[in-house]
Amino acid sequence: MKSLVLEEKLKLSLRDFPIDEPLGPRDVRIGIHTVGICGSDVHYYTHGGIGQFIVKAPMILGHEASGTVTEVGADVTNLKVGDRVCMEPGIPDPNSRASRLGMYNIDPAVRFWATPPVHGCLRPSVVHPADYTFKLPDNVSFAEAAMVEPLAVGVHAATKAKVKPGDVALVQGAGPIGLVTALSALAAGCAHVFLTDVDDTKLEIGAALSRAITTINITRQDATAEILKATEGWGVECVFECSGHPRAAGQVFDALCPGGVVVFVGIPVEPFHYDLGKAMVREARVEQIFRYAHVFPRCVGLIASGAIDVKPLITRTFAFQDSVHAFEVAATAPKGQVKMQIELP
Ligand SMILES: [Zn+2]
């Protein structure tokens with residue numbers, strides 16, 4: 001069976017791409033079932049790289065995956081053949097200083113699927129450490145399980161914010177990550193979330209997720225004025241900056257309440273400025289996240305219990321044989337699409 005290979009910028013092919021992957025004692029082999037298309041996959045396709053990561057040799061795309069265990073290493077005790085699973089795509093060096101301190105996601109040695117030169121998971125099977133492979137309850141579908149990876153970003157952001165029951169949040173940016181962050185903020189206890197964007201289609205999808213989400217189109221409305229009016233001049237306890245846009249990112253303190261927290265989630269293309277004076281008069285806490293750590297089992301639990309419903313975010317599914325077409329569609333950023341997925345046979 002074939003793999004989806006990014007040969008070079010703007011050139012994808014579905015072809016045989018044998019990878020010799022021995023099964024270590026603590027590894028499992030997984031038959032891949034569903035893979036979500038991420039903005040980063042699309043960016044590698046359209047630009048041939050992201051920042052310092054340049055595609056210099058053919059690379060298999062995909063990092064948001066679920067599947068079924070087909071083989072287990074000799075020392076694996078937590079999984080067995082036939083288990084349905086999802087996988088955390090970043091594998092750190094377990095002995096690194098960052099990993100030993102519990103910050104394995106920012107271990108400089110982390111190897112992450114579909115980040116050159118590491119191959120992704122749009123292929124028939126992968127070998128993965130059992131420690132980064134998570135069993136699914138029967139009521140979590142493969143499609144939902146392939147949403148755990150993006151959801152993990154939102155859950156990690158809400159964790160960093162230390163959301164308290166009844167907090168009010170602002171999420172800037174209604175793309176896939178903004179939407180999972182809004183859902184995570186609500187699941188963490190927020191009473192209300194304001195969601196801003198420039199695109200009405202994205203905001204409509206956000207508004208439909210929960211009656212606790214109020215959307216604001218910043219091309220027509222003054223978000224800060226609306227939020228201050230709705231909160232009797234106090235502002236929001238948490239701001240999640242998910243747009244990565246310099247102007248939005250520069251205004252993160254405007255609607256923040258005294259003592260509030262800002263979490264930067266969206267990755268800016270260029271360095272940007274924010275108003276430190278506004279942060280100081282609020283004694284704002286400012287956090288950054290990079291991917292996630294320790295949250296995959298929590299995400300599976302939130303989906304299984306119904307505390308978070310990711311199904312409305314899965315807007316289109318392609319068969320694996322159509323995956324080149326799927327990326328061509330994704331590259332046009334079609335309106336109304338949140339998460340497109342590819343299903344393997
Ligand atoms: Zn992703």
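Look a little higher up for the structure.
Our subject in this report is the structure included herewith.

Rules of the game
- Residues numbered from 1 in each chain as written.
- Predicted model: local features only at pLDDT ≥ 70, side-chain atom pairs only at ≥ 80, totals over all residues.
- Heavy atoms only, no water.
- Donors = N, O, S within 2.8 Å, 3.2 Å for Na, K, Ca; no water.
- Tetrahedral: all angles 85-135°; square planar, octahedral: opposite > 155°, others 65-115°.
- Buried < 20%, exposed > 50% of the residue type's maximum accessible area, 1.4 Å probe, protein only.
- Pairing = 2+ DSSP bridges.
- Helix = DSSP H or I, 4+ residues; strand = E, 2+ residues; numbered from the N terminus.
- Salt bridge = Lys/Arg side-chain N within 4 Å of Asp/Glu carboxyl O.
- Axes fitted to C-alpha atoms, helices over the stretch in contact; angles between N-to-C directions.
- Core = buried A, V, L, I, M, F, W, Y, C linked by side-chain atoms within 4.5 Å.
- Contact = heavy atoms within 4.5 Å.
- Parallel < 35°, antiparallel > 145°, perpendicular 65-115°, else oblique.
- Nonpolar A, V, L, I, M, F, W, Y, C, P; charged D, E, K, R; others polar.
- Right-handed = clockwise from strand over helix to strand, strands pointing away.
- Phe/Tyr/Trp six-rings, centres within 6.5 Å; stacked < 30°, edge-to-face > 60°.
- Lys NZ or Arg CZ within 6 Å of the ring centre and 35° of its normal.

1. With respect to the coordination of the zinc ion
(1) Moving on: Distances from the zinc ion to its protein donors, namely Cys-38 (SG), His-63 (NE2), Glu-64 (OE) and Glu-149 (OE), fall within the range 2.2 to 2.7 Å.
(2) Moving on: What the four donor atoms of the zinc ion show is an angle range of 83 to 170° at the metal, which sorts the shape as irregular.
(3) Moving on: Each donor residue of the zinc ion belongs to the same chain, and together they define the spacing C-x24-H-E-x84-E. Each member of the pair, His-63 as well as Glu-64, carries the same accessibility label: buried.

2. Concerning the sheet that holds strand 6 (residues 59-60)
(1) Moving on: Judged by pairing direction, the sheet is antiparallel, and its three strands sit side by side in the order 2-1-6 without closing on themselves. The sheet is open, and its two borders are formed by strand 2 (11-15) and strand 6, each paired with just one other strand.
(2) Moving on: The pairing of strand 1 (residues 3-8) with strand 6 spans two bridges and is antiparallel. From the neighbouring strand, Leu-6 faces strand 6, where its bridge partner is Met-59.

3. Details of the pattern of salt bridges
(1) Moving on: Considering all chains together, one arrives at 14 salt bridges under this definition.
(2) Moving on: Between Arg-15 and Glu-7 there is a salt bridge whose closest N-O contact spans 2.6 Å.
(3) Moving on: Between Glu-64 and Lys-339 there is a salt bridge, with its nearest N and O atoms 2.9 Å apart. One end of the pair, Glu-64, is in strand 7 (residues 64-72); the other, Lys-339, is in strand 20 (residues 339-343), and 275 residues separate them in sequence. Of the two residues, Glu-64 and Lys-339, neither departs from the other in class, the shared state being buried.
(4) Moving on: In the salt-bridge network here, residues are joined through shared partners; they are Lys-80, Asp-83 and Lys-135.

4. Description of the sheet that holds strand 13 (residues 168-172)
(1) Moving on: Strand order across the open sheet formed by six strands is 15-14-13-16-17-18, with parallel pairing between neighbours. Lying at the two open borders of the sheet, with one neighbouring strand each, are strand 15 (213-217) and strand 18 (285-288). When the angles between neighbouring strand axes are averaged without regard to direction, this sheet yields 20°.
(2) Moving on: Here strand 13 runs beside strand 16 (residues 236-241); their pairing, made up of four bridges, is parallel. Residue pairing in the sheet places Gln-172 in a bridge with Glu-241 of strand 16.

5. So, the nonpolar core
(1) Moving on: Counting residues in each nonpolar core, the largest one holds 52 residues, and the members touching the most others are Cys-86, Leu-151, Leu-179, Val-193, Phe-240, Val-263 and Leu-313.
(2) Moving on: Of all the secondary-structure elements, those providing two or more residues to this core are helix 4 (148-161), strand 13, helix 5 (176-187), strand 14 (192-197), helix 6 (200-209), strand 16, strand 17 (256-264) and helix 10 (296-305).
(3) Moving on: With eight residues, helix 4 is the single largest residue contributor to this core.
(4) Moving on: In contact with Phe-240, other than residues within four places in its own chain, are Ala-157, Ala-158, Ala-161, Val-163, Ala-169, Leu-170, Val-171, Gln-172, Thr-181, Ala-185 and Val-263.

6. What to know about the packing of helix 4 against helix 10
(1) Moving on: Between helix 4 and helix 10, the least distance of the axes is 9 Å, while the angle of their chain directions is 105°. Between helix 4 and helix 10, the interaxial angle falls into the category roughly perpendicular. Of the residues in helix 10, those touching helix 4 at Val-148, Glu-149, Leu-151, Ala-152 and Val-155 are Phe-296, Cys-299, Val-300, Leu-302 and Ile-303.
(2) Moving on: Tallied by class, the residues present in the contact of helix 4 with helix 10 amount to nine nonpolar, no polar and one charged.

7. What about the pairing of strand 18?
(1) Moving on: Both strand 17 and strand 18 contribute to a ladder of four bridges, which runs parallel. If you follow Val-262 over to strand 18, its bridge partner there is Val-286.
(2) Moving on: As a crossover connection, the stretch from strand 17 through helix 9 (residues 276-281) into strand 18 is right-handed.

8. Here's the deal with the packing of aromatic side chains
(1) Moving on: Applying the stated rule across the entire model yields seven aromatic pairs.
(2) Moving on: With 6.2 Å between their ring centres and 85° between their planes, Tyr-45 and Phe-327 make a pair best called edge-to-face. Of this pair, Tyr-45 sits in helix 1 (residues 39-47) while Phe-327 sits in helix 11 (residues 323-331), and the two are 282 residues apart along the sequence. Residue Tyr-45 shares its accessibility class with Phe-327, and that shared class is buried.
(3) Moving on: With a centroid separation of 5.8 Å and 15° between ring planes, the pair formed by Phe-264 and Tyr-274 is classed as stacked. Of this pair, Phe-264 sits in strand 17 while Tyr-274 sits in the loop between strand 17 and helix 9, and the two are 10 residues apart along the sequence.
(4) Moving on: With relative accessibility at 33%, the residue Tyr-274 sits in the partly exposed group.
(5) Moving on: Ring pairs connect the aromatic residues Phe-253, Phe-264, Phe-272 and Tyr-274, which therefore count as one cluster.
(6) Moving on: Sitting over the face of the ring of Phe-142, Arg-84 holds its NZ or CZ atom 4.5 Å from the ring centroid.

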